[in-house]
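# A closer look at the structure
Residues per chain, in single letters:
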Amino acid sequence: MMLNLRFHVLASCTLAIASTISQQTVLSAHPVDHGGHEHEIAQQTTMPTLPPGPNTMLRAPVTIADGLEVIISDVIIPPGSSLPLHYHPGEEFIYLLEGSVIHIETGKPDQLLQAGDTLVIPPYAPHAPEGGPEGGRAIVFRVHVAGEPERIFVEEESEQD
């Protein structure tokens, strides 16, 4: 029961943050001529422009649970690009804002995600998302083991063995 409640709280937080980020706009005034009467109208432009890859927006402790932290990232995956195979020491909640992404996770069939889709990736699950034809942008919310690296690349771990 408590685990189910925790999941719903985290999922609600993720969707609220995603909604806020996706609605960030800059208003700029442009004069428009309507039969000799100029009016100013606001044009919305999506903000901000972020570089490809994960862009950490927040990293903070979870105060109601010892040893955990939350990491929120705005992840940009260009068309046809993929992130290297990696995993996280925590559970990952994804909300795809724009475009499409192919979720590639070890031991599971590939899964196409489109704008508006959500996904939960279990802790320590190796995965390598790939951008669809138009690329993708996602808000990623992680409940993470505090003090651990944000992501662990599988190749790096194999080389250390």
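For the rest of this paragraph, the subject is the overall build of the protein. Each helix and strand in the protein was counted, giving two helices and ten strands. In sequence order, the secondary structure elements of the protein are arranged as α-β-β-β-β-β-β-β-β-β-β-α. Counting over 161 residues, the protein shows a buried share of 32%. Of all intrachain contacts in the protein linking residues separated by at least 6 positions in sequence, the fraction that spans at least 24 positions is 66%. Counting only carbon and sulfur atoms, one obtains 58% of the accessible surface of the protein, whose full area is about 9600 Å².

Turning to the side chain of E69, a few remarks are in order. Its place among the elements puts E69 in strand β4 (residues 68-77). For E69, a relative accessible area of 10% corresponds to the buried category. Within polar-contact distance, the side chain of E69 engages the side chain of R59 at 2.8 Å. Setting aside chain neighbours within four positions, we find E69 in contact with R59, A60, P61, V62, R142, V143, H144, V145, A146, G147 and E148.

The next subject is the nonpolar core. In terms of nonpolar packing, the biggest core is built from eleven residues, these being V75, I77, I94, L96, V101, L113, L119, I121, A125, A138 and V140. Of all the secondary-structure elements, those providing two or more residues to this core are β4, β6 (90-103), β8 (118-121) and β9 (130-145). If you tally residues by element for this core, the top one is β6, at three residues. Apart from the residues within four sequence positions on either side, V75 is in contact with G53, P54, L83, G136, R137, A138 and V140.

Of all the ten residues making up β4, nine are buried; the element is thus mostly covered by neighbouring parts of the structure. Where strand β3 (residues 53-61) and β4 come together, eight bridges link them in antiparallel fashion. Its bridge partner being in β4, N55 is matched across the sheet by D74. Count of turn residues in the β3/β4 antiparallel hairpin: six residues, of which G67 carries a positive phi of about 80°. Direction of pairing for β4 relative to β9: antiparallel, over a ladder of ten bridges. Of the residues in β9, the one forming a bridge with I77 is G136.

What follows deals with the pattern of salt bridges. Considering all chains together, one arrives at seven salt bridges under this definition. Where R142 meets E150, a salt bridge forms, and the shortest distance between an N and an O atom there is 3.1 Å. Exposure class is identical for R142 and E150. Each is buried. Taking the shortest distance from any N to any O, the salt bridge between E150 and R151 comes out at 3.3 Å. Connected through salt bridges with shared partners, the residues E92, R142, E150 and R151 form a single ionic network.

Despite not being glycine, Y124 has its phi angle at roughly 65°, a positive value. Tracing the backbone through its elements, the reader meets Y124 in the loop between β8 and β9. Residue classification places Y124 among the partly exposed residues on the basis of a relative accessible area of 48%.

About the criteria used
- Residues numbered from 1 in each chain as written.
- Predicted model: local features only at pLDDT ≥ 70, side-chain atom pairs only at ≥ 80, totals over all residues.
- Heavy atoms only, no water.
- Helix = DSSP H or I, 4+ residues; strand = E, 2+ residues; numbered from the N terminus.
- Buried < 20%, exposed > 50% of the residue type's maximum accessible area, 1.4 Å probe, protein only.
- Contact = heavy atoms within 4.5 Å.
- Areas by Shrake-Rupley, 256 points an atom, 1.4 Å probe, with all protein chains shown as cover.
- Polar contact = N/O pair within 3.5 Å; in protein donor to acceptor, adjacent residues only side chain to side chain.
- Core = buried A, V, L, I, M, F, W, Y, C linked by side-chain atoms within 4.5 Å.
- Pairing = 2+ DSSP bridges.
- Salt bridge = Lys/Arg side-chain N within 4 Å of Asp/Glu carboxyl O.

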